[in-house]
Amino acid sequence: MNAEKLKSNLTLLRERLTGQRSSQKETLASESGRFTARAPSHMAEQASEAQELDMIVSRLNSVSETLALIDDAIDRLDAGQFNVCEECKGEIGERRLTVQPWASLCVKCQRKLEEEGLS
Ligand SMILES: [Zn+2]
C-alpha cells in the first residue's frame, strides 16, 4: 500500500465518521429531550431508554476517538511516516493498514501494549 492510497482511505473514513457523528449527536439531542420531557410513569420503559441513551453516548465517544486517531494518522502521513511503528520504528504491515488504516503501532507492539494493559 502506498501513502496516497492510504491517505484516500483515511480521508474517506474520516468523512464517513464525521457524518455518523453529527447524525448521532442529533439523535442524542432529540432522544434526551424526549426522555426528560416525559412524566416518570413507566419505570421499565425509562430504564431501557436510559440504556439506549448510554449506548448512543458510548458509540459517539468511540467515533470521536477513532476520528482523533485518523487525524493523527493523516498528520503522520503528511510527515512521511505512514507505515512506521511508533514504538520499534519497524514497518507496519500492509494487512494491518488495510484493516486499520490509522494504526500507529505494528502488530507486535500493539499486542505487547495490550498484554501490559491487561496485567
Ligand atoms: Zn513495533
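What counts, and where the lines are drawn
- Residues numbered from 1 in each chain as written.
- Predicted model: local features only at pLDDT ≥ 70, side-chain atom pairs only at ≥ 80, totals over all residues.
- Helix = DSSP H or I, 4+ residues; strand = E, 2+ residues; numbered from the N terminus.
- Rg over C-alpha atoms; globule rule 2.2 N^0.38 Å.
- Buried ≥ 20, exposed ≤ 12 C-beta atoms within 10 Å, placed from the backbone.
- Domains from an automatic or database assignment.
- Contact = placed C-beta atoms within 7 Å.
- Nonpolar A, V, L, I, M, F, W, Y, C, P; charged D, E, K, R; others polar.
- Core = buried A, V, L, I, M, F, W, Y, C linked by C-beta atoms within 7 Å.
- Expected span 1.5 Å × (residues − 1).

Okay, the overall build of the chain next. On a plain count of helices and strands, the chain comes out with 4 helices and 0 strands. For the chain, the N- to C-terminal ordering of α and β elements is α-α-α-α. For a compact globule of 119 residues, the expected C-alpha radius of gyration is about 14 Å, and the chain comes in at 19 Å, more than 25% above that figure. If you line up the chain on its principal axes, its C-alpha atoms span 60 × 35 × 20 Å. Within the chain, buried positions represent 9% of all 119 residues.

Each assigned domain of the chain is listed with its residue range as follows: domain 1 (1–81) and domain 2 (83–119). For domain 1 and domain 2, the distance between their C-alpha centroids amounts to 23 Å. Counting from both sides, the interface comprises 10 residues of domain 1 and, opposite them, 7 residues of domain 2. Looking at side-chain class alone, the side of domain 1 that touches domain 2 contains 7 nonpolar, 2 polar and 1 charged residues.

In most cases, non-glycine residues show a negative phi, while peptide bonds are predominantly trans. Even without being a glycine, K89 presents a positive backbone phi close to 60 degrees. The class for K89 is exposed, based on 10 C-beta atoms found within 10 Å.

What follows concerns the nonpolar core. One finds L6, L10, A73, F82, C85, I92, L97, W102, A103 and C106 forming the largest nonpolar core, which totals 10 residues. Composition of this core by domain shows at least three residues from each of domain 1 (1–81) and domain 2 (83–119). Beyond its immediate chain neighbours, meaning those up to four positions away, A103 contacts I92, R96 and L97.

Along an α-helix, a turn takes 3.6 residues, which lines up residues three or four apart on a common side. Here helix α2 (residues 43–78) spans 52 Å end to end across 36 residues, near enough to the 52 Å set by a 1.5 Å rise per residue. Positive phi shows up at G80, right after α2, with a value of about 80 degrees.

A separate point is the environment of S62. Take S62: it is sitting in helix α2. Overall, S62 belongs to the exposed group, with 11 C-beta atoms counted inside 10 Å. When the C-alpha positions of S62 and R21 are compared, they lie 9.7 Å apart, and in sequence the two are 41 residues distant.

The next subject is the environment of I74. Looking at the secondary structure, you find I74 in helix α2. I74 sits in the partly exposed class, given 18 other C-beta atoms within 10 Å. Between the C-alpha atoms of I74 and L6, which are 68 residues apart in sequence, the distance is 9.0 Å. With sequence-adjacent residues up to four places away left out, I74 is seen in contact with K7 and L10.

The next subject is helix α4 (residues 107–118). With 12 residues, α4 ought to run about 16 Å at 1.5 Å a step, and its terminal C-alpha atoms sit 16 Å apart, in line with that. Burial analysis of α4 places just 0 of its 12 residues in the buried class, which makes it a mostly uncovered element.

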